[in-house]
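Observations on the three-dimensional arrangement
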Amino acid sequence: MKKIISIVLILTMAFSLVLTGCTKKEDEKKKLRIFNAGEYIDKSLLTEFEKAYGCEIIYETFDSNESMYTKIRSGETYDILVPSDYMIERLIKEDYLAEIDWEQIPNKKYLQEHLLGQDYDPEDKYCVPYYYGSVGILYNKKVIDKEDLADGWELLRNTKYAGNIYMYDSERDSFMIACKALGYSMNTIKEKEIKKAYKWLVKQRDTMDPVYVTDDVIDNMISGNKSLAVVYSGDGALIISENDDMDFFEPEQGTNLWTDCMVMTKDCKNQELAMEFMNFMCDPDNAYLNTQYIGYSSAVKPAFEMIRDDDYKGIKAFVPRIHFDKDEVFRYQTNKTRKIYSKLWTKVKAY
Amino acid sequence: MKHYRSMISPYVLWAFGFIIIPFIMIMVYAFTDGGLSLTDAGFSLDSFAEMTDSLYFTVFTRSFSTGILTTLLCLFIGYPMAFFITKFDERVQGTLILITTIPMWINLLLRTYAWIGILSDNGLLNSFLKMLGIGPVSIMYTGIAVNIGLVCNFLPFMILPIHTSLSKMDPSLLEAAYDLGANKVQAFTRVIFKYSIPGVLNGVIITFLMAISAFVIPKMLGGGQFTLLGNLIENQFISVGNWNFGAAVSLILAIVILAAISFLKRIDPDGTV
């Protein structure tokens, strides 16, 4: 019996040696580490890219820009990140990003022009736009009076609909709503205005009894659990395509226009491969497949137009409002401002 | 005995690496003010000063009442179950214990998602009530939903230690009690329950510990407005990036838990916990 055990042991050891030999060879394969938001890519495209370029993709996901930032600050390294505008600005300011060589991304010509040259990256040095959208209100046409829609964001404080509302559990978007409703800039740094916005949110919480959700808003609104919800335009499009009773609008007081971009970090060892990947994702056919899967508004014009006129025909939420002067893009916040906001947001939720 | 001492060393290393060092890190973060970094941080009591806000007191009390309620519910459901399991033949008992642990084979997130499907406004429960002609009830995103989720997840941790204590009891003790004229209630309170106290205490401590620091279940079933200590800490670390405040809250929580455990340990007459 002992003999058998020792033979088995020797065999396993020998086998594991062979295996380590194998993995060493694998190591020579080029690697690309991508850190993206959850449910934000058609994974078959990753496999296709791996095959076409003989590399291995290590794909990880995060659930918010902030948690992504915490992870890279605690020492994780990635080649490509897909953060939003204000987070990109922060990463640029803190010197995390490497510049992009557009020569290697010929598919740039397909990108929607209004997404380039934005304030957070005016010279297009770092960002390859990926998806964009706005924030708006999703409502049940059978329950919400048409006239009430004119109230814009104040609709979220109309006590007729108390207990019938989902807010999005995001510090910046919630303060954006309060600021816009009060007629301030959503990037305000005036403490007085921030305090007033905080009071707006507290009053809403006390009178409306909202539930603060994140991605679960999608399932909840598809099954029509409540009649009002704050959603990203792309999520709105997806919900409307599944539930005809719902519709989407962007309030006249202005909203948040966001853009998520692919960026390359300074840790990236194989920059050419990273840019090859970005170019691959900007290819109209790939972007079309990707957009069909995600349902957000693609930065790649032909893909966006194809889906707008076909899969999501007639769904307003798929075509976010652009060039409206009251809409804004989130900007970088200093540590001090961020602390004020986050403390107040913790207070709004934890009463 | 001496040569056994060297065999402990892996565990000492383990405890040092995964318990003591992290705990020291929490202390350091709690008493400094550098945010995510330690390099440009100085000593500060700001985080503790911030906690004096009455708001955080509300979070503390909500967490404790949720924790206590969950523990009591687990005890009242789990004790009879453990008790009846001991009434079966030993082989059947093994199977029954196995069955109580089956939920633990399934990932916690999946189990919680299942509860969402059952409890949500248009979910299974409400469609069932509709069939009976009872109006829809809104349970999802309330404290009730959170408690249901917590009890369902932690019940096995209450049943197992109680069952262990009860099954160790010598049945002749019970026979002696009856021979000496005890009725069923007396036999239970004076013999059976007394023997199960170590198991009960163990179960109570484990369930309470897990319930008070839970954050996934309250987040999924309670929504963002049902903030417990676990959510507060998670938020500070993951999204707000104020690790100092998060560490300070964790530290206070750890101290309170230690105090609660030492208090519970005192109840046990034999000190077997």
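Use the structure listed above.
Report follows, based on the coordinates. Along each chain, residue indices are assigned from 1 in the same order as the chain's sequence is written. To read the labels, note that chains go from A and ligands from 1, taken in the order they are written. Per-residue local features are limited, in this predicted model, to residues with pLDDT of at least 70; the limit for side-chain atom pairs, both in listing and counting, is 80 or more; totals at the level of whole chains, interfaces and linings are taken over all residues. Excluding hydrogens and water, the side-chain figures rest on all heavy atoms present in the structure.

With that out of the way, let us pick up the packing of helix α5 (residues 108-119) of chain B against helix α6 (residues 124-132) of chain B. Residue and element names in this part refer to chain B. Under this scheme, a helix contributes an axis fitted over its contacting stretch, all axes are lines through C-alpha atoms, and angles between N-to-C directions fall in the 0 to 180 degree range. We count a stretch as a helix when DSSP gives it H or I for four or more residues in a row; a strand needs E for two or more, and each element gets its number in order from the N terminus. With their axes 4 Å apart at the nearest point, α5 and α6 run at an angle of 25° to one another. Between α5 and α6, the angle falls in the class roughly parallel. Across the interface between the two elements, G117, I118 and L119 of α5 pack against L124, L125 and N126 of α6. Angles below 35 degrees are treated as roughly parallel, those above 145 as roughly antiparallel, those between 65 and 115 as roughly perpendicular, and all remaining angles as oblique. We call two residues in contact when some of their heavy atoms are within 4.5 Å.

All names here are of chain B. The N-to-C vectors of helix α9 (residues 184-213) and helix α12 (residues 243-267) enclose an angle of 165°; their axes lie 11 Å apart at closest approach. Considering the angle they form, α9 stands roughly antiparallel to α12. Of the two elements, α9 crosses α12, and the hand of that crossing is right-handed. Between α9 and α12, the residues in contact are L201, V204, I205, F208, L209, I212 and S213 and L253, I257, A260, I261 and L264, respectively. Amino acids outside the nonpolar list (Ala, Val, Leu, Ile, Met, Phe, Trp, Tyr, Cys, Pro) and the charged list (Asp, Glu, Lys, Arg) are all regarded as polar, and Gly is one of them. Looking at the contact of α9 with α12, its residues break down into 11 nonpolar, one polar and no charged. If you view the pair so one helix is near and one far, a crossing is left-handed when the near helix is turned anticlockwise from the far one by less than a right angle, and right-handed when it is turned clockwise.

We now examine the nonpolar core. Residues A:M262 and A:F277 are the most contacted members of the largest nonpolar core, which totals 158 residues. Per element, the largest residue contribution to this core is 10 residues, and it comes from helix α7 (residues 143-168) of chain B. For A:F277, the residues in contact, after removing those within four places along its chain, are A:L32, A:I34, A:I41, A:L46, A:F49, A:I57, A:I80 and A:M262. Among the nonpolar cores identified, the runner-up in size contains 24 residues, and B:Y29, B:V59, B:A248 and B:L251 belong to it. Take the buried Ala, Val, Leu, Ile, Met, Phe, Trp, Tyr and Cys residues and link them wherever side-chain atoms come within 4.5 Å; each set so joined is a nonpolar core. To sort residues, take the accessible area from a 1.4 Å probe on protein chains only and compare it with the maximum for the residue type: under 20% means buried, over 50% means exposed, and anything in between is partly exposed.

Residue and element names in this part refer to chain B. In this scheme, a helix's expected span is set at 1.5 Å multiplied by one less than its residue total. With 12 residues, α5 should cover 16 Å at 1.5 Å per step; its first-to-last C-alpha distance of 16 Å lies within 8% of that length. Those residues of α5 that fall on the buried side of the exposure criterion are R111, T112, I116 and L119. Take α5 and look down its axis: the buried residues cluster within an arc of 150°, on one side only. Within α5, the exposed residues directed more than 90 degrees away from the buried face are L110 and Y113. Here, the arc refers to the directions that run from the helix axis to the C-beta atoms.

Remember, this is a structural readout, not a statement about activity or role.
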